Amino acid sequence: MTSPTLTRPELTAADRCDRCGAAAQVRAILSTGGELLFCGHHAREHETKLKELAADIQRG
């Protein structure tokens, strides 16, 4: 028996950056299960820290 895999929906024009409200281009899924959405600018700004936190970074 296999367990179901949870998938996250694709980013849409309605998804907004958690820092500035611009259109989200990147979803960072944290190891704790939470997620953060970032525009391209803020994704680049926080990329190093997200990698340190072992976040799964998905580009939309």
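Before reading on, note that the structure itself is shown above.
Residues numbered from 1 in each chain as written. Predicted model: local features only at pLDDT ≥ 70, side-chain atom pairs only at ≥ 80, totals over all residues. Heavy atoms only, no water.

Moving on: the overall build of the protein chain. For the protein chain, the count of helices and strands is 1 helix and 3 strands. Each helix (α) and strand (β) of the protein chain, taken in turn from the N terminus, gives the series β-β-α-β. Based on the C-alpha atoms only, the size of the protein chain along its principal axes is roughly 45 × 30 × 15 Å. A total of 60 residues make up the protein chain; the buried ones form 25% of that total. If you take every contact in the protein chain between residues at least 6 apart in sequence, the share linking residues at least 24 apart comes to 26%. Total accessible area computed for the protein chain in this model is approximately 4500 Å², and 52% of it derives from carbon and sulfur atoms. (Helix = DSSP H or I, 4+ residues; strand = E, 2+ residues; numbered from the N terminus. Buried < 20%, exposed > 50% of the residue type's maximum accessible area, 1.4 Å probe, protein only. Contact = heavy atoms within 4.5 Å. Areas by Shrake-Rupley, 256 points an atom, 1.4 Å probe, with all protein chains shown as cover.)

Enumeration over the complete set of coordinates arrives at 5 salt bridges. Its salt-bridge partner being R59, residue E47 comes within 3.3 Å of it at the nearest N-O pair. Of this pair, E47 sits in helix α1 (residues 40-52) while R59 sits in strand β3 (residues 56-59), and the two are 12 residues apart along the sequence. The salt bridge involving K49 is made with E52; its shortest N-O contact spans 3.7 Å. Taken together, the residues K49 and E52, both in helix α1 and 3 residues apart, mark about one turn of the helix. A single salt-bridge network, built from bridges that share partners, covers R8, R27 and E35. (Salt bridge = Lys/Arg side-chain N within 4 Å of Asp/Glu carboxyl O.)

In this section: the side chain of H42. Relative to the helices and strands, H42 resides in helix α1. Setting aside its immediate chain neighbours within four residues, H42 contacts C17, R19 and C20.

Okay, the nonpolar core next. Residues C17, V26, A28, F38, C39, A43, L50 and A55 constitute the largest nonpolar core, which totals 8 residues. Of all the secondary structure elements, the ones that give two or more residues to this core are β1 (26-29) and α1. (Core = buried A, V, L, I, M, F, W, Y, C linked by side-chain atoms within 4.5 Å.)

Time to look at unusual backbone geometry. We note that A54 has phi near 60 degrees; this positive angle belongs to a residue other than glycine. Residue position: A54 is located in the loop between α1 and β3.

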